[in-house]
Amino acid sequence: MDRLPQELGPEVAAQLADNDITTIETFLMLSQEMVMSTLQMKLGSWLRIQKLQQNFRDSETLPGTSTASIGHDNTNQLDASINKDTIINVLELSSQCQKLLRGKLAEGVALLKKEKHLINRTLCDHFFANEVNAGRTITSEVKKKLAQSIIEAFDCLASESDDKPAEAEFFWEHNGEATGEHTGFIHFWIRNRQPQAPSTVRRKRKSASSFTRDESDAMDELLELDETADYSIVEQLMQTTFQYREGLRNRNTSCTEILNQFPYFLYYDGKLIHNEFEAMFPDKQASQQFSTVVPLCLMLNHFYNEIACVGIQALLKIMAELTHQGNVRKSDPSNLPPLEDYASVFVKWRQESPNEEMEVSEVPFVYCDALPFAEGTYFVVMEKGAIDCGEDFFLALDLLLKAYKVLNINIPSKAKKTIDFFNVFVYKIIKRSRVTRVNDLCAHLSKAANALP
């Protein structure tokens, strides 16, 4: 600590000493929030402090001491420093959090999402910023302990859902599954902070996503928003973070994980799914153009006249032509009648009372809020929610097909040939106006049935 006056200047060193920052341990716990908000220092002072903190950490690797053992010791120290009392003390030091401590938190009142995010950011800056900047891994046990300590300190922050642990909003290991991405504010903060670490550290962490400071800031802003946020703001932030989601899709990230990070796809009538698809495939057109060849499709074999919607009739005729079957029960039949069962991979109708709730599903489908096989209001139902498409089946079908690509959803085997055909037929053949007769359509279907997997 004798280096402080020389490295930081006598005034900064004296101010730290006045605030009892007199050991390397307390010096390494300083965060930007503490230095600039609590101690009211300038940015230049924080940058010099941050550089000296890194020098202290680098000097920890002594001859004969393995990096692994140092990391283990740091994890133990970090774990021991996290508890209910420390949580409260750290928030007390933040001028931005003091109003919450004396207001909503003291009264046990529910907080807004942006207020929870402020608490999370303040605590993560304190406990994890130095660790992430040094390239050390924050274990799931430490994340969970911080989340549980937050709830222990303020029970009004606990999840109200019976099927989630109390600390789920701050950290939920594997999102409640056996494996997969962790979720919660804490995990997302660490993930967003990692790309801001020094380049030497980032190269060692091959699993970390590489994105710019603007993208990282946009991710932070998105975390604070919900379905009530202004669409134009969310749209801009989603455009900024597009390349990050492309990386997720390229790594075969599941639909669950994508929606956990970007639930906004389910808001705003699905507009963000349309936007994302256009960014992914700028040369493709909306599958609503499928409506232009429906008269040709209706001339195919396989009659589904009991279905009121001609779009669904045409879809099932194409499906039957590609798979050489139609209206066939499986060996292990569902509870649905044969035609409903056959159509269910794409479309389902209301079964009993009009008040029956739609069941969300990992595999998306179009739900028609009418008795079989009538027309009604159409919804695209997927994991975590449903999107209202009004009475336009072609809009619902368009959104359904795009959701498979945008959300990285595994296509069920029963629907694969039909969806692959749509990806080629609807987006390319119709665009070029090559199909004008039913014979042309049949030729493309025959070729697709033999060529598509």
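Structure first, text after, so check above.
Reading guide: rules and limits
- Along each chain, residues carry numbers from 1 onward, in the same order as the chain's sequence is written.
- Given that the model is predicted, a residue must reach a pLDDT of at least 70 before its local features are reported, and side-chain atom pairs must reach 80 or more before they are shown or counted; all residues, however, enter totals for whole chains, interfaces and linings.
- The basis for the side-chain values is all heavy atoms of the structure; hydrogens and waters are excluded.
- Note on conventions: DSSP H or I runs of at least 4 residues are helices, E runs of at least 2 residues are strands, and numbering of each starts at the N terminus.
- Throughout this description, buried means an accessible area under 20% of the type-specific maximum (1.4 Å probe, protein chains only), exposed means over 50%, and partly exposed covers the range between.
- Throughout, a residue-residue contact means that at least one pair of heavy atoms, one from each residue, lies within 4.5 Å.
- Areas reported here follow the Shrake-Rupley algorithm with a probe of radius 1.4 Å; residue values treat only the protein chains shown as occluding.
- Strands are labelled as partners when DSSP assigns at least two bridges between them.
- In summary, the pairing rule links any two rings of Phe, Tyr or Trp, Trp by its six-membered ring, whose centres are within 6.5 Å, and it sorts them by plane angle into stacked for under 30 degrees, edge-to-face for over 60 and tilted for everything else.
- By convention in these notes, a salt bridge is any Lys or Arg side-chain nitrogen within 4 Å of a carboxyl oxygen on Asp or Glu.
- For the purposes of this section, nonpolar cores are sets of buried Ala, Val, Leu, Ile, Met, Phe, Trp, Tyr and Cys residues that join through side-chain atoms within 4.5 Å.
- Each domain's extent is set by a domain assignment, obtained either automatically or from a database.
- Here an angle of 0 to 180 degrees is reported between the N-to-C directions of two axes, which are lines fitted to C-alpha atoms, with helices fitted over the stretch in contact.
- For classification purposes, angles smaller than 35 degrees are called roughly parallel, those larger than 145 roughly antiparallel, those between 65 and 115 roughly perpendicular, and all remaining angles oblique.
- With the far helix as reference, a near helix turned anticlockwise by less than a right angle produces a left-handed crossing, and one turned clockwise produces a right-handed crossing.

## A closer look at the overall build of the protein
Within the protein one finds 24 helices and four strands. Looking at the protein residue by residue over its 453 residues, the buried ones come to 49%. A fraction of 57% describes how many contacts in the protein between residues 6 or more apart in sequence connect residues 24 or more apart. Accessible area for the protein stands at about 22300 Å²; split by element, carbon and sulfur atoms hold 48% of it.

## Details of the pairing of strand 3 (residues 377–382)
Most of strand 3 is tucked away, with five of its six residues classed as buried. Where strand 2 (residues 365–369) meets strand 3, five bridges bridge the pair, whose relative direction is antiparallel. Each bridged residue has a counterpart across the sheet, and for Phe365 the counterpart in strand 3 is Val381. Where strand 3 lies against strand 4 (residues 385–388), four bridges are found, and the strand directions are antiparallel. Within the sheet, the bridge partner assigned to Met382 lies in strand 4 and is Gly385. What sits between the antiparallel neighbours strand 3 and strand 4 is a turn of two residues, in which Lys384 has the positive phi angle 80 degrees.

## Thoughts on the packing of aromatic side chains
Going through the model one piece at a time under the given rule, you end up with eleven aromatic pairs. Note on Phe277 and Phe281: the rings are 4.9 Å apart at their centroids and 50 degrees apart in plane angle, and the pair reads as tilted. Residue classification places Phe277 among the buried residues on the basis of a relative accessible area of 2%. Geometrically, the ring pair formed by Trp349 and Phe373 is edge-to-face, given 5.0 Å between the ring centres and 80 degrees between the ring planes. In this pair, Trp349 is assigned in strand 1 (residues 347–349) and Phe373 in the loop between strand 2 and strand 3, connecting sequence segments 24 residues apart. Under the relative-accessibility criterion, Trp349 is labelled buried at 3%. What makes Phe373 buried here is its relative accessible area of 17%. Taken together, the ring pairs in this structure connect Tyr231, Tyr264, Tyr267 and Tyr268 into an aromatic cluster.

## Considerations on the pattern of salt bridges
The final tally for this structure, using the stated rule, is 13 salt bridges. Taking the shortest distance from any N to any O, the salt bridge between Arg136 and Glu131 comes out at 3.4 Å. Judged by its relative accessible area of 15%, Arg136 falls in the buried class. With relative accessibility at 14%, the residue Glu131 sits in the buried group. When the shortest N-O distance is used, the salt bridge between Lys416 and Asp420 registers 3.3 Å. Pair noted here: Lys416 and Asp420 are both in helix 23 (residues 413–429), with a separation of four residues, about one helical turn. Lys416 gets classed as partly exposed once you look at its relative accessible area, which sits at 32%. Residue classification places Asp420 among the buried positions, given a relative accessible area of 14%. Through salt bridges with shared partners, a single ionic network connects Arg245, Glu246, Arg249 and Glu276.

## A word on unusual backbone geometry
Of the consecutive residues Pro372 and Phe373, the connecting peptide bond is found in the cis state with omega at 0 degrees. In this model, His174 sits at a positive phi of 55 degrees, which is unusual for a non-glycine residue. By the secondary structure assignment, His174 is in the loop between helix 11 (140–153) and helix 12 (185–193). The backbone of Tyr268 sits at a positive phi, close to 55 degrees, despite the residue not being glycine. Relative to the assigned elements, Tyr268 resides in the loop between helix 17 (255–261) and helix 18 (271–280).

## Quick word on the nonpolar core
Phe265, Phe393 and Leu407 are the most contacted members of the largest nonpolar core, which totals 69 residues. Among the elements that make up this core, the one with the highest residue count is helix 22 (residues 393–406) (ten residues). Per-domain counts for this core show at least three residues from each of domain 3 (213–280) and domain 4 (290–324 + 336–451). Aside from chain neighbours lying at most four places away, what touches Leu407 is Ser254, Cys255, Ile258, Leu259, Phe265 and Met382.

## What to know about the side chain of Thr122
Position of Thr122 relative to the elements: it lies in helix 10 (residues 113–133). Overall, the relative accessible area of 6% leaves Thr122 in the buried class. Each residue touching Thr122, except ones within four places of it in the same chain, is listed here: Val90, Leu91, Ser94 and Cys97.

## Describing the environment of Ile150
By the secondary structure assignment, Ile150 is in helix 11. On the basis of relative accessible area, Ile150 is assigned to the buried category, the value being 0%. The spatial distance from the C-alpha of Ile150 to the C-alpha of Ile88 is 8.6 Å, given a sequence separation of 62 residues. In this view, Ile150 contacts Ile87, Leu123, Leu157, Phe170 and Ile186; residues no more than four positions away in its chain are not counted.

## Remarks on the packing of helix 11 against helix 12
Where helix 11 meets helix 12, the closest approach of the two axes is 9 Å, and the angle between their N-to-C directions is 135 degrees. Taken together, the axis directions place helix 11 and helix 12 in an arrangement best described as oblique. Remark: the crossing between helix 11 and helix 12 carries right-handed chirality. Every residue of helix 12 that contacts helix 11 at Lys143, Leu146, Ala147 and Ile150 is listed here: Ile186, His187 and Ile190.

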